[in-house]
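# Examination of the molecular architecture
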Amino acid sequence: MLIEIHATAINQLDGKIRDGAFKRILPYEPPLVLGHDLAGTVLAVGARVRRFKAGDEVYARPRDGHIGTFAERIAVDAADLALKPTNLSMAEAASLPLVVLTVWQVLVERAKLQRGQKILIHAGSGGVGTLAIQLAKHLGATVATTASGINADFVRGLGADVVIDYKTQDFSELLSGYDVVLNGLDAKTLEKSLKVLKPGGKLISISGPPDPSRRLRA
Ligand SMILES: NC(=O)c1ccc[n+]([C@@H]2O[C@H](COP(=O)([O-])OP(=O)(O)OC[C@H]3O[C@@H](n4cnc5c(N)ncnc54)[C@H](OP(=O)(O)O)[C@@H]3O)[C@@H](O)[C@H]2O)c1
């Protein structure tokens, strides 16, 4: 489908691809157009597309190998598109696809987070964290999060039950018995996070490309 892009979003992944951090698993050849998120209007559809028509407002995270939303138009596989919710502006909708898919994959598909479980979400005031807190609460979990003290009320307002100011407190000394940790921070935070897990708990890290040498067990 050919899409006219009205809004896009800059994601950390764009910077990491630009810096070559993902070149072993995302072998893009520079120069290339970056950009993983879009909201826009359908200009034209392929002959076998039934779900959409020209003029529809849509949003998407085009699949790997077909990114390039920092542009005026882009061709996207119909399977990667959804109708834009009518209560979201184009800019609001463009801020969501990659980060929401990430959070869904972590909490629902990988962690299989259940009602009543305890999850630690690092960097709760960031792009991933703000959405992860809301989805975890929606799923019925108890949520602890790390953030700057200045953002404590903000993350509590999103639903966090326990807020750790990472600038003055050490989460690994305050928390224990957690079912899941979501880590988007560095390797040191990842290793310290093992301490808060209960036996058999899951630590899911999303800060870099997969590295088999860093496989750890709680
Ligand atoms: N965004 C995505 O769709 C996406 C997808 C896959 C992977 N990731 C990865 O996930 C990570 C986070 O991405 P993001 O987009 O959420 O980043 P972001 O929006 O830039 O958020 C960064 C957050 O990190 C917090 N922070 C910094 N140092 C911290 C520490 N020591 N302890 C706790 N919090 C700390 C900051 O909190 P304060 O402002 O409160 O200090 C800030 O809110 C990155 O590694 C990124 O590559 C992101």
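In what follows, the accompanying structure is described.

So, how was this worked out
- Residues numbered from 1 in each chain as written.
- Predicted model: local features only at pLDDT ≥ 70, side-chain atom pairs only at ≥ 80, totals over all residues.
- Heavy atoms only, no water.
- Axes fitted to C-alpha atoms, helices over the stretch in contact; angles between N-to-C directions.
- Helix = DSSP H or I, 4+ residues; strand = E, 2+ residues; numbered from the N terminus.
- Parallel < 35°, antiparallel > 145°, perpendicular 65-115°, else oblique.
- Left-handed = near helix turned anticlockwise from the far one by under 90°.
- Contact = heavy atoms within 4.5 Å.
- Nonpolar A, V, L, I, M, F, W, Y, C, P; charged D, E, K, R; others polar.
- Near = heavy atom within 4 Å.
- Polar contact = N/O pair within 3.5 Å; in protein donor to acceptor, adjacent residues only side chain to side chain.
- Areas by Shrake-Rupley, 256 points an atom, 1.4 Å probe, with all protein chains shown as cover.
- Domains from an automatic or database assignment.
- Buried < 20%, exposed > 50% of the residue type's maximum accessible area, 1.4 Å probe, protein only.
- Core = buried A, V, L, I, M, F, W, Y, C linked by side-chain atoms within 4.5 Å.
- Salt bridge = Lys/Arg side-chain N within 4 Å of Asp/Glu carboxyl O.
- Expected span 1.5 Å × (residues − 1).
- Pairing = 2+ DSSP bridges.

This part takes up the packing of helix α3 (residues 97-110) against helix α4 (residues 127-138). Angle between the axes and distance between the axes: these two values describe a pair of packed helices. Where α3 contacts α4, the axes come no closer than 9 Å and their chain directions differ by 50°. With respect to their mutual orientation, α3 and α4 come out oblique. In this structure, the crossing between α3 and α4 has a hand that is right-handed. Every residue of α4 that contacts α3 at V99, V100, V103, W104, L107 and V108 is listed here: G127, V128, L131, A132, L135 and A136. Partitioning the contact of α3 with α4 into residue classes produces 11 nonpolar, one polar and no charged.

A separate point is the environment of G159. For G159, the location among the structural elements is in the loop between α5 (152-158) and β8 (162-165). Here the alpha-carbon distance between G159 and K137, two residues 22 residues apart in the chain, equals 6.4 Å.

What follows covers the site of the ligand. Surveying the vicinity of the ligand reveals 20 residues, the closest of which are K16, S125, S148, N151 and Y166. Contacts to the ligand include G127, whose backbone N or O atom sits 2.8 Å from an oxygen atom. Side-chain polar atom of Y166 to an oxygen atom of the ligand: 2.5 Å apart, as the coordinates give it. Across the complex, the protein chains shield 73% of the 910 Å² of accessible surface that the ligand would expose by itself. Listing elements by their share of the shell around the ligand, those giving two or more residues are α1 (12-18), α3, α4 and β7 (142-147). Among the elements that make up the shell around the ligand, the one with the highest residue count is α3 (three residues). Across the shell around the ligand, the residue classes tally to eight nonpolar, 11 polar and one charged. Residues from two domains meet in the shell around the ligand; each of domain 1 (2-94) and domain 2 (97-205) gives at least three.

Before going further, it helps to spend a moment on the environment of L113. Residue position: L113 is located in the loop between α3 and β6 (118-121). The exposure class assigned to L113 is buried, which follows from its relative accessible area of 7%. Separated by 67 residues in the primary sequence, L113 and V180 have C-alpha atoms spaced 7.8 Å apart. Other than its neighbours up to four places away in sequence, L113 contacts L107, I119, A136, L139, A141 and V180.

Counting 21 residues, the largest nonpolar core has L107, L113, I119, I121, A136 and V143 as the members making the most contacts within it. Of all elements in the fold, only α3, β6, α4, β7, α5 and β9 (178-183) reach the threshold of two or more residues within this core. For this core, the element with the highest residue contribution is α4, accounting for four residues. Beyond its immediate sequence surroundings of up to four residues, V143 is in contact with I119, I121, I133, A136, K137, A160, D161 and V162.

Turning next to the pattern of salt bridges. Side-chain pairs of opposite charge can arise where the charged atoms are in close proximity. Counting across every chain of the model gives 10 salt bridges. Between R18 and D19 there is a salt bridge whose closest N-O contact spans 3.0 Å. Residue class for R18 comes out exposed when judged on its relative accessible area of 61%. With relative accessibility at 56%, the residue D19 sits in the exposed group. D64 is the salt-bridge partner of R61, the closest N and O atoms lying 3.0 Å from each other. What makes R61 buried here is its relative accessible area of 16%.

Okay, α4 next. Think of an α-helix as 3.6 residues a turn; residues three or four steps apart then line up on the same face. Its 12 residues place the ends of α4 17 Å apart at the C-alpha level, agreeing with the 16 Å of an ideal helix rising 1.5 Å per residue. As for α4, its buried residues are in contact with α3, β6, β7, α5 and β9. One or two positions beyond α4, positive phi appears at G140, with a value near 95°.

Pairing geometry for strand β2 (residues 37-44) and strand β3 (residues 57-60), over four bridges, is antiparallel. Bridge pairing in β3 links L38 to A60. With three bridges joining them, β3 and strand β5 (residues 81-83) adopt antiparallel strand pairing. For Y59, the partnering residue across the bridge sits in β5 and is A82.

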